[in-house]
Number of protein chains: 2
Amino acid sequence: MAEIWKGAPVAKAINERTEQVVKSLVEQGIQPCLAIVRVGERPDDIAYERSSVKALDRLGMQARLLAFPETISQAEMEDAITALNDDEAVNGILLLRPLPRTLDQNALLNMINPVKDVDGVTPISFATVYAGYGEGFAPCDAEAAIKMLTGNGVNLKGKDIVVVGHSLVAGRAIAALALLQDATPTICHINSVDVAAHTRTAEIVVLATGNTEGFGAEFFSPEQMVIDVGIGVSKKTGLLAGDADFETVEPLVAAITPVPGGIGPLTVSVLMAHVAQAACRQAGISC
Amino acid sequence: MAEIWKGAPVAKAINERTEQVVKSLVEQGIQPCLAIVRVGERPDDIAYERSSVKALDRLGMQARLLAFPETISQAEMEDAITALNDDEAVNGILLLRPLPRTLDQNALLNMINPVKDVDGVTPISFATVYAGYGEGFAPCDAEAAIKMLTGNGVNLKGKDIVVVGHSLVAGRAIAALALLQDATPTICHINSVDVAAHTRTAEIVVLATGNTEGFGAEFFSPEQMVIDVGIGVSKKTGLLAGDADFETVEPLVAAITPVPGGIGPLTVSVLMAHVAQAACRQAGISC
């Protein structure tokens, strides 16, 4: 039986710190504000928007919601981002993705002022995650995966960590952040020949593929820690589930994060911390 | 007995292409120019400067040499880089490193105009290597390691590649570039617990540690390709040598790059290609 690593306890510690930072900012007349930009009505965008607004509110920060129809043009989106970049009351910008294919998503992400890029989507943020120095933020999902480990007392130094999935928002960033903490990272993906051979020998396995319940017992071995960043709908139960086939994997490994209730809540709390930090930096206050 | 992969044949193919690009630029009145900035008199800086100048000359490009004493101040260095950034006749800037400790090396590297950053040292270049899109160049050493493989007919897709060393100029960049070609990369380094366990099971091993002759037979297995990016002085012979203990490793593996004569000449030809490409981009010419 594995230890079940829920997100809530680690999120709580992060939120307590954020609350203090916000309190001190408010005392100085600054209320941190996150702008959330949504195009269309995708249910998971709406769910993430909702939990972010709730968290902002709870921590004493402001939300600015922009919701556009899927028919919005590239030029109109560019104008919206420029306006948010220029708005001194906005400290962070979160552009919910994927955008409709009619829009050039990378061009829009690249436009975000790096100091307001609280979800790590601009080149300056990529460079910070990759190089380990600079003013950028890590993608919230990726930082949440690392915080789940460190928050549960894991010292990454020298640990063999295999990340499955090589997206910029998750897998690639998780491997880069793990390396910054002196882990030995491997990145597997759709073109890897024998993923199970890699995952079975790792001390830490991070799943970030979106292949819901696609990873069964054959990918794991005892003593492992499994961080499940995936979230999708189970074909078996119709409920939310992660990349791991939880029922068969959980009895086998040492620790595993559940879906939902694992990385999800932590991601929101990392986003909140970034908004508060961005507000500090923009005000020239150390926090 | 391994195949010995020398740098010269792959460099020749790259240089032929660069020569064509330069010819077409010169016909349009543009002679590409690389500025090489050296501080102090380190013998390996001088050697790299010399081979770069020779290569520039052979390919019809210009060199601009700046050599400063070790006593140069940060402000003077900043002025020098600003002048090169502003000089339209200069297409590429190569700042030889490491700089003396009296200087803030990262601050100076970050100052280089990204479009002139032909050795991949600025955040924009980091982001390009990491994310796979953008206008930056890869570090020449790292790109040379990948070109050595592809130039010898290796398709990286799905290949297990273990890189030993996690520097930004070599190991980390090589792993990132390999991932962009759909390899499965692992990065080992000074804090990795069992490097040999990783390297022995890889299909490709890249050594980029500077631990001269530090990798003997116990790190390798048959059928492997070994790319040796290290260069130092052998304690046994007093001659230049790589990270691999060539004598014991060469009989064991399928292919290996020698030191000297392996990655070295390729690095210079990649630098030359970058200078020509930078000149094209700055002139708005596709090449």
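Residues numbered from 1 in each chain as written. Chains lettered and ligands numbered in written order. Predicted model: local features only at pLDDT ≥ 70, side-chain atom pairs only at ≥ 80, totals over all residues.

(A) Broad picture of the relation of the copies chain A and chain B. Superposing chain A onto chain B requires a rotation of 180° together with a translation of 0.0 Å along the rotation axis, leaving an RMSD of 0.0 Å. What the superposition gives is, in effect, a two-fold axis relating one chain to the other. A high fraction, 100%, of the interface residues of chain A reappear at the interface in chain B, so the copies pair face to face through one surface. (Least-squares fit on C-alpha atoms with pLDDT ≥ 70 in both. Contact = placed C-beta atoms within 7 Å.)

(B) Up close: the interface of chain A and chain B. Between chain A and chain B, the residue contacts involve 23 residues of the former and 23 residues of the latter. For the side of chain A that touches chain B, the elements supplying multiple residues, two or more each, are α5 (123–131) and β6 (184–188) of chain A. Counting residues per element, the side of chain A that touches chain B draws most heavily on α5 of chain A, at six residues. Along the lines of polarity and charge, the residues of the side of chain A that touches chain B split into 13 nonpolar, eight polar and two charged. (Helix = DSSP H or I, 4+ residues; strand = E, 2+ residues; numbered from the N terminus. Nonpolar A, V, L, I, M, F, W, Y, C, P; charged D, E, K, R; others polar.)

(C) Fine view of the confidence of the model for chain A. On average, residues of chain A score 97 in pLDDT, and 100% of them are at 70 or above. In the predicted complex, the global pTM is 0.97; the interface-specific ipTM is 0.96. (pLDDT = per-residue confidence, 0-100.)

(D) Geometry of the domain arrangement of chain A. Domain boundaries assigned for chain A yield domain 1 (28–122) and domain 2 (140–264). Once you take the C-alpha centre of each, domain 1 of chain A and domain 2 of chain A turn out to be 28 Å apart. (Domains from an automatic or database assignment.)

(E) The pairing of strand β3 (residues 62–68) of chain B, seen in detail. All names here are of chain B. Of the strand pairs in this sheet, strand β2 (residues 33–39) and β3 are connected by seven bridges, and their pairing is parallel. The partner of Val-39 across the bridge, within β3, is Phe-68. Crossover connection from β2 via helix α2 (residues 43–58) to parallel β3: handedness right-handed. (Pairing = 2+ DSSP bridges. Right-handed = clockwise from strand over helix to strand, strands pointing away.)

(F) Structural context of the packing of helix α1 (residues 7–27) of chain A against helix α6 (residues 140–151) of chain A. Residue and element names in this part refer to chain A. Their axes nearest at 10 Å, the elements α1 and α6 cross at an angle of 100°. One finds that α1 runs roughly perpendicular with respect to α6. On α6, the residues that touch Val-10, Ala-13 and Ile-14 of α1 are Lys-147, Met-148 and Gly-151. Its residues assigned to classes, the contact of α1 with α6 shows four nonpolar, one polar and one charged. (Axes fitted to C-alpha atoms, helices over the stretch in contact; angles between N-to-C directions. Parallel < 35°, antiparallel > 145°, perpendicular 65-115°, else oblique.)

(G) Geometry of the sheet that holds strand β4 (residues 92–95) of chain B. Residue and element names in this part refer to chain B. Taken in spatial order, the three strands of this open sheet run β3-β2-β4, and their pairing is parallel. Of all strands in the sheet, those with a lone pairing partner are β3 and β4, marking the two edges. The sheet shows a mean angle of 15° between the axes of neighbouring strands, direction not considered.

(H) Inspection of the sheet that holds strand β3 (residues 62–68) of chain A at higher detail. Residues and elements named next belong to chain A. Taken together, the three strands give an open sheet; going across it, the order is β3-β2-β4, and neighbouring strands pair in parallel fashion. Strands with a single pairing partner mark the edges of an open sheet, and in this sheet they are β3 and β4 (92–95). Within this sheet the neighbouring strands show an average axis-to-axis angle of 15°, counted without direction.

(I) Up close: the nonpolar core. Within the largest apolar cluster, 194 residues are counted, with the highest numbers of intra-cluster contacts made by Ile-174 and Val-206 of chain A together with Ile-174 and Val-206 of chain B. In this structure, Val-206 of chain A is in contact with Ala-145, Ile-161, Val-163, Val-164, Ile-174, Ile-227 and Val-229 of chain A, ignoring residues within four places of it in sequence. (Core = buried A, V, L, I, M, F, W, Y, C linked by C-beta atoms within 7 Å. Buried ≥ 20, exposed ≤ 12 C-beta atoms within 10 Å, placed from the backbone.)

(J) Just unusual backbone geometry, in detail. The step from Arg-97 of chain A to Pro-98 of chain A runs through a cis peptide bond, and the omega angle for that step is 0°. Here Pro-98 of chain A shows up in the loop between β4 and α4 (105–111). One non-glycine residue, Glu-213 of chain A, lies in the positive phi region at around 55°. If you trace the backbone, Glu-213 of chain A turns up in the loop between β7 (204–207) and β8 (225–228). Judged by the 22 C-beta atoms lying within 10 Å of it, Glu-213 of chain A falls in the buried class. One non-glycine residue, Glu-223 of chain B, lies in the positive phi region at around 75°.

(K) Structural context of helix α5 (residues 123–131) of chain B. Most of α5 of chain B sits out of view: nine of its nine residues are buried. Among the residues of α5 of chain B, those classed as buried are Pro-123, Ile-124, Ser-125, Phe-126, Ala-127, Thr-128, Val-129, Tyr-130 and Ala-131 of chain B. Lining the buried residues of α5 of chain B we find α5 of chain A together with α4 (105–111) and α7 (171–180) of chain B. Looking one or two residues beyond α5 of chain B, the residue adopting positive phi is Gly-132 of chain B, at roughly 85°.

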